[in-house]
Amino acid sequence: MKQIYLDNAATTSVRPEVVEEMVKVLRDDYGNPSSTYAIGRHAKSLIENARKTIAKQFNATSSEIIFTSCGTEANNWILRSCIRDLGVKRIISTKLEHHAVLYSINNLAEEYDVEVVFLDILPSSEIDYTQLEELLKDESQKTLVSLMHVNNEVGTELDLKHVAQLCTTYNALFHCDTVQSIGKKRIDLAELPIDFIVASAHKFHGPKGIGFAFIRKKNVLKPVIFGGEQEKGLRAGTEAAHQVVGMAKALEMAYELLDEESEHIGMLKAYCKEELCKVFPEIKFNGNEVGFYNILNVLLPLSEEKAAMMLFQLDMKGIAVSRGSACQSGSQKPSHVLSQFLCEEDLKKPSLRLSFSHENTKEEIDTLIEVLQVI
Ligand code: PLP
(Lines give C-alpha, C1' and ligand atoms only; values in the text may rest on other atoms or scores of the structure.)
Protein backbone atom coordinates (compact mmCIF):
# COMPACT_ATOMS: atom_id res chain seq x y z
CA MET A 1 0.00 0.00 0.00
CA LYS A 2 1.30 3.45 -0.91
CA GLN A 3 1.94 5.59 2.16
CA ILE A 4 0.65 9.15 2.20
CA TYR A 5 2.70 11.12 4.69
CA LEU A 6 0.99 14.33 5.77
CA ASP A 7 2.67 14.82 9.16
CA ASN A 8 5.73 16.85 8.20
CA ALA A 9 5.48 19.11 11.26
CA ALA A 10 6.12 16.00 13.40
CA THR A 11 9.14 14.95 11.38
CA THR A 12 10.28 14.70 7.77
CA SER A 13 11.87 12.12 5.51
CA VAL A 14 15.64 12.43 5.11
CA ARG A 15 16.70 13.70 1.67
CA PRO A 16 18.68 11.07 -0.30
CA GLU A 17 21.57 13.53 -0.77
CA VAL A 18 21.74 13.91 3.04
CA VAL A 19 21.80 10.15 3.55
CA GLU A 20 24.61 9.88 1.02
CA GLU A 21 26.77 12.49 2.80
CA MET A 22 26.10 10.90 6.17
CA VAL A 23 27.02 7.41 5.00
CA LYS A 24 30.31 8.73 3.63
CA VAL A 25 31.19 10.26 7.00
CA LEU A 26 30.08 7.17 8.92
CA ARG A 27 32.20 4.96 6.72
CA ASP A 28 35.33 7.09 6.30
CA ASP A 29 35.47 9.62 9.11
CA TYR A 30 35.12 7.57 12.25
CA GLY A 31 38.00 9.30 14.04
CA ASN A 32 37.23 11.11 17.27
CA PRO A 33 37.10 14.82 16.36
CA SER A 34 39.07 15.63 19.53
CA SER A 35 42.00 13.43 18.46
CA THR A 36 45.13 15.05 17.12
CA TYR A 37 45.94 12.53 14.36
CA ALA A 38 44.78 12.89 10.76
CA ILE A 39 41.52 10.94 10.85
CA GLY A 40 40.38 12.81 13.96
CA ARG A 41 41.44 16.17 12.53
CA HIS A 42 39.51 15.44 9.37
CA ALA A 43 36.33 14.67 11.32
CA LYS A 44 36.85 17.93 13.23
CA SER A 45 37.23 19.89 9.99
CA LEU A 46 33.96 18.41 8.69
CA ILE A 47 32.22 19.64 11.82
CA GLU A 48 33.71 23.11 11.55
CA ASN A 49 32.80 23.38 7.86
CA ALA A 50 29.24 22.35 8.70
CA ARG A 51 29.13 25.05 11.38
CA LYS A 52 30.23 27.65 8.82
CA THR A 53 27.61 26.44 6.31
CA ILE A 54 24.89 26.72 8.94
CA ALA A 55 26.00 30.14 10.25
CA LYS A 56 26.08 31.51 6.69
CA GLN A 57 22.39 30.71 6.15
CA PHE A 58 21.49 33.11 8.98
CA ASN A 59 24.16 35.75 8.45
CA ALA A 60 25.64 34.73 11.81
CA THR A 61 29.19 33.82 12.77
CA SER A 62 30.17 30.19 13.26
CA SER A 63 31.16 30.75 16.89
CA GLU A 64 27.50 31.58 17.60
CA ILE A 65 26.31 28.11 16.51
CA ILE A 66 26.45 25.33 19.14
CA PHE A 67 25.41 21.79 18.27
CA THR A 68 22.96 19.97 20.53
CA SER A 69 21.15 16.65 20.33
CA CYS A 70 17.79 18.22 19.42
CA GLY A 71 15.55 21.27 19.68
CA THR A 72 14.34 20.24 23.13
CA GLU A 73 17.88 20.25 24.51
CA ALA A 74 18.69 23.63 22.96
CA ASN A 75 15.51 25.20 24.39
CA ASN A 76 16.14 23.72 27.85
CA TRP A 77 19.72 24.91 27.91
CA ILE A 78 18.97 28.47 26.85
CA LEU A 79 16.08 28.94 29.29
CA ARG A 80 17.99 27.48 32.23
CA SER A 81 21.17 29.38 31.54
CA CYS A 82 19.32 32.69 31.10
CA ILE A 83 17.97 32.39 34.64
CA ARG A 84 20.98 30.79 36.27
CA ASP A 85 23.75 32.72 34.52
CA LEU A 86 22.31 35.88 32.97
CA GLY A 87 20.24 37.06 35.91
CA VAL A 88 16.80 36.81 34.28
CA LYS A 89 14.07 37.41 36.88
CA ARG A 90 10.99 37.46 34.66
CA ILE A 91 9.96 35.32 31.68
CA ILE A 92 7.23 36.43 29.30
CA SER A 93 5.89 33.56 27.22
CA THR A 94 2.62 31.86 26.19
CA LYS A 95 0.78 28.64 26.89
CA LEU A 96 0.96 27.92 23.16
CA GLU A 97 4.64 27.03 23.35
CA HIS A 98 5.88 23.52 22.63
CA HIS A 99 6.28 21.46 25.80
CA ALA A 100 10.06 21.70 25.35
CA VAL A 101 9.67 25.35 26.34
CA LEU A 102 6.51 25.32 28.45
CA TYR A 103 7.57 22.48 30.77
CA SER A 104 11.07 23.95 31.06
CA ILE A 105 9.64 27.29 32.13
CA ASN A 106 7.28 25.65 34.65
CA ASN A 107 10.15 23.64 36.10
CA LEU A 108 12.44 26.65 36.34
CA ALA A 109 9.71 28.62 38.09
CA GLU A 110 9.63 25.93 40.78
CA GLU A 111 13.41 25.88 41.14
CA TYR A 112 14.27 29.58 40.92
CA ASP A 113 12.83 32.84 42.12
CA VAL A 114 11.54 33.87 38.72
CA GLU A 115 8.23 35.45 37.71
CA VAL A 116 6.44 33.89 34.74
CA VAL A 117 3.88 35.87 32.76
CA PHE A 118 1.84 34.10 30.06
CA LEU A 119 0.43 36.44 27.44
CA ASP A 120 -3.27 36.36 26.56
CA ILE A 121 -4.11 34.53 23.36
CA LEU A 122 -6.59 36.10 20.95
CA PRO A 123 -9.28 33.95 19.25
CA SER A 124 -7.12 34.15 16.12
CA SER A 125 -4.43 32.22 18.09
CA GLU A 126 -2.14 35.24 18.02
CA ILE A 127 -0.57 37.09 20.91
CA ASP A 128 -1.59 40.61 21.84
CA TYR A 129 1.43 42.70 20.87
CA THR A 130 0.13 45.70 22.84
CA GLN A 131 -0.01 43.61 26.01
CA LEU A 132 3.56 42.48 25.37
CA GLU A 133 4.74 46.07 24.99
CA GLU A 134 2.91 47.19 28.14
CA LEU A 135 4.63 44.42 30.12
CA LEU A 136 8.03 45.24 28.64
CA LYS A 137 7.72 48.90 29.64
CA ASP A 138 8.35 47.74 33.19
CA GLU A 139 12.12 47.36 33.08
CA SER A 140 12.57 46.88 36.83
CA GLN A 141 13.48 43.18 36.45
CA LYS A 142 15.74 41.55 33.86
CA THR A 143 13.30 39.97 31.39
CA LEU A 144 13.45 37.15 28.86
CA VAL A 145 10.78 36.94 26.18
CA SER A 146 10.35 33.36 24.97
CA LEU A 147 7.97 33.06 22.03
CA MET A 148 7.86 30.50 19.25
CA HIS A 149 8.18 31.60 15.63
CA VAL A 150 5.72 29.16 14.03
CA ASN A 151 3.29 27.18 16.15
CA ASN A 152 3.73 23.46 15.50
CA GLU A 153 0.02 22.65 15.78
CA VAL A 154 -1.77 25.47 14.01
CA GLY A 155 1.01 27.22 12.10
CA THR A 156 0.39 30.68 13.57
CA GLU A 157 3.41 32.85 12.79
CA LEU A 158 4.90 35.38 15.17
CA ASP A 159 5.85 38.81 13.87
CA LEU A 160 9.55 38.26 14.56
CA LYS A 161 10.66 41.74 13.58
CA HIS A 162 8.09 43.41 15.82
CA VAL A 163 8.96 41.30 18.87
CA ALA A 164 12.71 41.65 18.30
CA GLN A 165 12.34 45.44 18.08
CA LEU A 166 10.22 45.58 21.24
CA CYS A 167 12.79 43.50 23.12
CA THR A 168 15.60 45.76 21.95
CA THR A 169 13.70 48.92 22.90
CA TYR A 170 12.97 47.67 26.41
CA ASN A 171 16.26 45.83 27.02
CA ALA A 172 14.77 42.34 27.23
CA LEU A 173 16.41 39.17 25.97
CA PHE A 174 14.57 37.39 23.17
CA HIS A 175 14.56 33.59 22.80
CA CYS A 176 12.64 32.27 19.82
CA ASP A 177 11.80 28.59 19.37
CA THR A 178 12.32 28.45 15.61
CA VAL A 179 12.17 24.65 15.31
CA GLN A 180 9.22 24.77 12.88
CA SER A 181 10.51 27.58 10.68
CA ILE A 182 14.20 26.81 10.23
CA GLY A 183 14.76 25.66 6.66
CA LYS A 184 11.30 26.92 5.70
CA LYS A 185 11.80 30.66 6.00
CA ARG A 186 14.91 32.81 5.74
CA ILE A 187 16.00 34.45 8.98
CA ASP A 188 18.66 37.15 8.84
CA LEU A 189 20.23 37.39 12.28
CA ALA A 190 22.42 40.35 11.29
CA GLU A 191 19.23 42.30 10.69
CA LEU A 192 16.98 40.86 13.41
CA PRO A 193 18.17 41.41 16.98
CA ILE A 194 17.15 37.99 18.32
CA ASP A 195 19.34 36.65 21.12
CA PHE A 196 18.68 32.92 20.78
CA ILE A 197 17.15 30.65 18.17
CA VAL A 198 17.04 26.85 18.02
CA ALA A 199 16.77 24.21 15.30
CA SER A 200 16.18 20.52 14.91
CA ALA A 201 17.42 18.79 11.75
CA HIS A 202 14.64 16.22 11.52
CA LYS A 203 12.14 19.01 10.80
CA PHE A 204 13.92 20.01 7.59
CA HIS A 205 14.65 16.64 5.97
CA GLY A 206 17.79 16.02 7.99
CA PRO A 207 18.58 13.30 10.55
CA LYS A 208 16.98 12.92 13.98
CA GLY A 209 19.11 13.38 17.08
CA ILE A 210 20.85 16.60 16.08
CA GLY A 211 20.02 20.29 16.38
CA PHE A 212 21.69 23.56 17.19
CA ALA A 213 21.35 26.69 19.22
CA PHE A 214 22.29 30.16 18.00
CA ILE A 215 23.64 32.15 20.94
CA ARG A 216 24.37 35.78 20.11
CA LYS A 217 27.97 36.60 20.96
CA LYS A 218 27.16 39.14 23.68
CA ASN A 219 25.30 36.50 25.74
CA VAL A 220 27.66 34.22 27.60
CA LEU A 221 25.81 31.05 28.57
CA LYS A 222 27.19 28.29 30.78
CA PRO A 223 26.76 24.57 30.15
CA VAL A 224 24.12 22.26 31.57
CA ILE A 225 26.01 19.15 30.44
CA PHE A 226 29.49 18.84 31.90
CA GLY A 227 32.34 16.72 30.65
CA GLY A 228 34.77 17.25 27.79
CA GLU A 229 35.75 20.41 26.01
CA GLN A 230 33.58 19.81 22.93
CA GLU A 231 31.61 22.83 21.64
CA LYS A 232 33.96 25.15 23.60
CA GLY A 233 32.99 23.30 26.77
CA LEU A 234 29.38 24.46 26.38
CA ARG A 235 28.02 21.08 25.35
CA ALA A 236 30.21 18.16 26.33
CA GLY A 237 30.05 14.79 24.59
CA THR A 238 31.85 13.32 21.58
CA GLU A 239 30.51 15.04 18.47
CA ALA A 240 28.47 12.98 16.01
CA ALA A 241 30.19 14.16 12.83
CA HIS A 242 27.80 12.30 10.52
CA GLN A 243 24.77 13.96 12.17
CA VAL A 244 26.30 17.42 12.02
CA VAL A 245 27.29 17.00 8.37
CA GLY A 246 23.81 15.64 7.55
CA MET A 247 22.15 18.60 9.26
CA ALA A 248 24.29 21.15 7.38
CA LYS A 249 23.57 19.45 4.04
CA ALA A 250 19.83 19.34 4.77
CA LEU A 251 19.79 23.01 5.77
CA GLU A 252 21.79 24.10 2.75
CA MET A 253 19.44 22.22 0.42
CA ALA A 254 16.34 23.52 2.20
CA TYR A 255 17.41 27.13 1.61
CA GLU A 256 18.66 26.47 -1.93
CA LEU A 257 15.29 24.99 -2.90
CA LEU A 258 13.17 27.22 -0.68
CA ASP A 259 11.45 29.35 -3.33
CA GLU A 260 10.43 26.44 -5.51
CA GLU A 261 9.44 24.11 -2.65
CA SER A 262 7.56 26.67 -0.58
CA GLU A 263 5.54 27.63 -3.64
CA HIS A 264 4.58 23.98 -4.22
CA ILE A 265 3.73 23.42 -0.55
CA GLY A 266 1.69 26.63 -0.36
CA MET A 267 -0.24 25.57 -3.46
CA LEU A 268 -0.98 22.16 -1.87
CA LYS A 269 -2.28 23.79 1.30
CA ALA A 270 -4.55 26.12 -0.66
CA TYR A 271 -5.80 23.20 -2.77
CA CYS A 272 -6.47 21.08 0.32
CA LYS A 273 -8.41 23.92 1.96
CA GLU A 274 -10.48 24.48 -1.16
CA GLU A 275 -11.31 20.79 -1.66
CA LEU A 276 -12.16 20.27 2.03
CA CYS A 277 -14.58 23.22 1.91
CA LYS A 278 -16.32 21.64 -1.08
CA VAL A 279 -17.04 18.34 0.69
CA PHE A 280 -17.45 19.66 4.25
CA PRO A 281 -19.16 23.06 3.95
CA GLU A 282 -19.22 23.41 7.77
CA ILE A 283 -15.50 22.82 8.17
CA LYS A 284 -13.47 25.35 10.17
CA PHE A 285 -9.75 26.01 10.17
CA ASN A 286 -8.01 26.45 13.51
CA GLY A 287 -5.57 29.29 14.01
CA ASN A 288 -5.33 32.55 12.16
CA GLU A 289 -6.54 33.12 8.59
CA VAL A 290 -3.15 32.96 6.94
CA GLY A 291 -1.05 30.53 8.97
CA PHE A 292 2.35 29.21 7.94
CA TYR A 293 2.41 27.74 4.45
CA ASN A 294 2.98 24.09 5.40
CA ILE A 295 0.50 23.58 8.28
CA LEU A 296 -3.28 23.26 8.08
CA ASN A 297 -5.25 22.49 11.23
CA VAL A 298 -8.85 21.55 10.47
CA LEU A 299 -11.88 21.22 12.68
CA LEU A 300 -14.05 18.55 11.12
CA PRO A 301 -17.83 18.52 11.45
CA LEU A 302 -17.90 14.85 12.56
CA SER A 303 -19.67 13.15 15.46
CA GLU A 304 -17.60 12.02 18.49
CA GLU A 305 -17.92 8.31 17.55
CA LYS A 306 -16.70 8.96 14.04
CA ALA A 307 -13.93 11.14 15.35
CA ALA A 308 -12.65 8.37 17.63
CA MET A 309 -12.15 6.09 14.64
CA MET A 310 -10.80 8.70 12.27
CA LEU A 311 -7.04 8.42 12.85
CA PHE A 312 -7.30 4.64 12.93
CA GLN A 313 -9.17 4.52 9.63
CA LEU A 314 -6.78 6.95 7.98
CA ASP A 315 -3.90 4.81 9.20
CA MET A 316 -5.53 1.69 7.75
CA LYS A 317 -5.48 3.44 4.39
CA GLY A 318 -1.80 4.34 4.75
CA ILE A 319 -2.43 8.01 5.54
CA ALA A 320 -0.33 9.56 8.31
CA VAL A 321 -1.74 12.71 9.89
CA SER A 322 -1.67 14.04 13.42
CA ARG A 323 -4.40 14.78 15.91
CA GLY A 324 -2.45 17.47 17.68
CA SER A 325 1.25 17.86 18.17
CA ALA A 326 3.32 14.71 17.67
CA CYS A 327 4.01 14.38 21.36
CA GLN A 328 0.30 14.03 21.99
CA SER A 329 -0.61 11.26 19.57
CA GLY A 330 -2.57 8.64 21.45
CA SER A 331 -3.57 11.09 24.17
CA GLN A 332 -7.26 11.78 24.71
CA LYS A 333 -6.64 15.15 26.38
CA PRO A 334 -7.51 18.16 24.23
CA SER A 335 -4.48 19.84 22.74
CA HIS A 336 -2.90 22.39 25.10
CA VAL A 337 -2.63 24.73 22.12
CA LEU A 338 -6.20 24.49 20.82
CA SER A 339 -7.60 24.79 24.35
CA GLN A 340 -6.07 28.28 24.56
CA PHE A 341 -8.39 29.75 21.94
CA LEU A 342 -11.18 27.32 20.94
CA CYS A 343 -14.55 27.28 22.71
CA GLU A 344 -15.60 24.20 24.75
CA GLU A 345 -17.91 23.00 22.02
CA ASP A 346 -15.28 23.15 19.27
CA LEU A 347 -12.71 21.48 21.51
CA LYS A 348 -14.90 18.35 21.60
CA LYS A 349 -14.89 18.11 17.81
CA PRO A 350 -12.08 16.32 16.01
CA SER A 351 -9.19 18.48 14.87
CA LEU A 352 -6.65 17.20 12.45
CA ARG A 353 -3.23 18.64 11.73
CA LEU A 354 -2.13 18.24 8.13
CA SER A 355 1.42 19.29 7.38
CA PHE A 356 2.89 19.14 3.91
CA SER A 357 6.30 18.81 2.31
CA HIS A 358 7.73 19.15 -1.20
CA GLU A 359 7.17 15.42 -1.63
CA ASN A 360 3.37 15.61 -1.38
CA THR A 361 1.08 15.79 -4.42
CA LYS A 362 -2.44 16.94 -5.27
CA GLU A 363 -3.37 13.30 -5.88
CA GLU A 364 -2.46 12.47 -2.28
CA ILE A 365 -4.76 15.22 -1.07
CA ASP A 366 -7.56 13.86 -3.29
CA THR A 367 -7.10 10.44 -1.64
CA LEU A 368 -7.15 11.95 1.85
CA ILE A 369 -10.41 13.74 1.11
CA GLU A 370 -11.99 10.62 -0.42
CA VAL A 371 -11.15 8.67 2.74
CA LEU A 372 -12.41 11.43 5.06
CA GLN A 373 -15.71 11.49 3.19
CA VAL A 374 -16.46 7.83 3.84
CA ILE A 375 -15.58 7.84 7.55
N1 PLP B 1 9.78 23.16 19.42
C2 PLP B 1 8.84 22.97 18.48
C3 PLP B 1 8.03 24.14 18.03
C4 PLP B 1 8.61 21.71 17.94
O5 PLP B 1 7.68 21.53 17.01
C6 PLP B 1 9.39 20.61 18.40
C7 PLP B 1 9.16 19.26 17.90
O8 PLP B 1 8.03 18.87 17.61
C9 PLP B 1 10.38 20.87 19.36
C10 PLP B 1 10.54 22.14 19.86
C11 PLP B 1 11.25 19.76 19.89
O12 PLP B 1 12.24 19.46 18.95
P13 PLP B 1 13.03 18.05 19.02
O14 PLP B 1 12.12 17.03 18.45
O15 PLP B 1 14.22 18.25 18.18
O16 PLP B 1 13.38 17.83 20.43
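In this text, all values refer to a predicted model and were calculated from it rather than measured experimentally.

Rules and cut-offs
Residues numbered from 1 in each chain as written. Predicted model: local features only at pLDDT ≥ 70, side-chain atom pairs only at ≥ 80, totals over all residues. Heavy atoms only, no water. Pairing = 2+ DSSP bridges. Helix = DSSP H or I, 4+ residues; strand = E, 2+ residues; numbered from the N terminus. Right-handed = clockwise from strand over helix to strand, strands pointing away. Phe/Tyr/Trp six-rings, centres within 6.5 Å; stacked < 30°, edge-to-face > 60°. Buried < 20%, exposed > 50% of the residue type's maximum accessible area, 1.4 Å probe, protein only. Near = heavy atom within 4 Å. Polar contact = N/O pair within 3.5 Å; in protein donor to acceptor, adjacent residues only side chain to side chain. Nonpolar A, V, L, I, M, F, W, Y, C, P; charged D, E, K, R; others polar. Contact = heavy atoms within 4.5 Å. Domains from an automatic or database assignment. Buried area = accessible area lost by both parts, 1.4 Å probe. Salt bridge = Lys/Arg side-chain N within 4 Å of Asp/Glu carboxyl O. Expected span 1.5 Å × (residues − 1). Arc of directions from axis to C-beta.

Examining the pairing of strand β4 (residues 115-118)
- Sheet topology places strand β3 (residues 90-93) next to β4; four bridges connect them, and they run parallel. In the sheet register, I91 faces β4, and the bridge partner there is V116.
- Regarding the hand of the β-α-β motif, the stretch spanning β3, helix α4 (residues 99-111) and β4 is right-handed.

Topic: the packing of aromatic side chains
- All chains considered together, the criterion is met by three aromatic pairs.
- Where F58 meets F212, the ring centres are 5.9 Å apart and the plane angle is 55 degrees; that geometry is what we call tilted. Pair noted here: F58 is in the loop between α2 (38-57) and β2 (65-68) and F212 is in strand β8 (residues 211-215), with a separation of 154 residues, a long-range link.
- Ring centres 4.8 Å apart and planes at 35 degrees place the aromatic pair F292 and Y293 in the tilted group. Of the two residues, F292 and Y293, neither departs from the other in class, the shared state being buried.
- Ring pairs connect the aromatic residues F58, F212 and Y255, which therefore count as one cluster.

Some words on the site of the ligand
- In the neighbourhood of the ligand, 13 residues make up the surrounding shell, with G71, T72, D177, S200 and K203 lying closest.
- Contact distances for the ligand include 2.5 Å between an oxygen atom and a side-chain N or O atom of T72.
- In this structure, Q180 approaches the ligand through a side-chain N or O atom, which is 2.8 Å from an oxygen atom.
- The element contributing the most residues to the shell around the ligand is helix α3 (residues 71-85), with three residues.
- Class assignment for the residues of the shell around the ligand results in three nonpolar, eight polar and two charged.

Some details on the side chain of H205
- Inspection of the secondary structure puts H205 in the loop between β7 (196-200) and β8.
- A residue is classified by how much of its surface remains accessible, and H205, at 7% relative accessible area, is buried.
- In this structure, H205 is in contact with N8, T12, S13, V14, R15, V18, A250, S357, H358 and E359, ignoring residues within four places of it in sequence.

With respect to the domain arrangement of the chain
- Looking at the chain, the domain boundaries give domain 1 (4-12 + 257-374) and domain 2 (16-256).
- For domain 1 versus domain 2, the distance between C-alpha centres works out to 27 Å.
- In this assembly, 31 residues from domain 1 lie in contact with 36 residues from domain 2.
- At the boundary of domain 1 with domain 2, total buried surface from both sides reaches about 2,700 Å², with 54% on carbon and sulfur atoms.
- The largest contributions to the domain 1 side of the interface with domain 2 come from T12, L258 and F292, which together make up 24% of the buried area.
- Put simply, domain 1 and domain 2 have one salt bridge between them.
- As a salt-bridge pair, R186 and D259 come within 3.5 Å of each other at their nearest N and O atoms.

A short note on the pattern of salt bridges
- For the structure shown, the criterion picks out 19 salt bridges.
- A salt bridge links E111 to R80, with the shortest nitrogen-to-oxygen separation between them at 2.8 Å. Placement of the pair is E111 in helix α4 and R80 in helix α3, with a sequence separation of 31 residues.
- We note a salt bridge from K278 to E275, for which the minimum N-O separation is 2.8 Å. Within this pair, K278 and its partner E275 are both found in helix α8 (residues 258-279), separated by three residues, close to a single helical turn.
- Judged by relative accessible area, which is 57%, K278 ranks as exposed.
- Here the salt bridges do not stand alone but share partners, grouping K44, E48, R51, E231 and E239 into one network.

Re helix α9 (residues 304-316)
- The end-to-end C-alpha distance of α9, which contains 13 residues, comes to 19 Å, matching closely the 18 Å that a straight helix rising 1.5 Å per residue would cover.
- Taken as a whole, α9 has its buried residues at A307, M310 and L314.
- On its buried side, α9 packs onto β11 (319-320), β12 (351-355) and α11 (362-374).
- Remark: G318 follows α9 within two positions and exhibits a positive phi of approximately 80 degrees.

Some details on the side chain of Q131
- Take Q131: it is sitting in helix α5 (residues 129-136).
- Those residues within four positions of Q131 in sequence are excluded, and the remaining contacts are L119 and D120.

So, α11
- Counted at 1.5 Å a residue, the expected span for α11 with its 13 residues is 18 Å, and the 19 Å between its end C-alpha atoms agrees.
- Residues of α11 that are buried: E364, I365, L368, I369, V371 and L372. On an axial view of α11, the arc spanned by its buried residues comes to 160 degrees, and they lie on one face. Among the exposed residues of α11, those oriented more than 90 degrees off its buried face are E363, E370 and V374.
- Tucked into the core, α11 has its buried residues touching β1 (4-5), α8, α9, β11 and β12.

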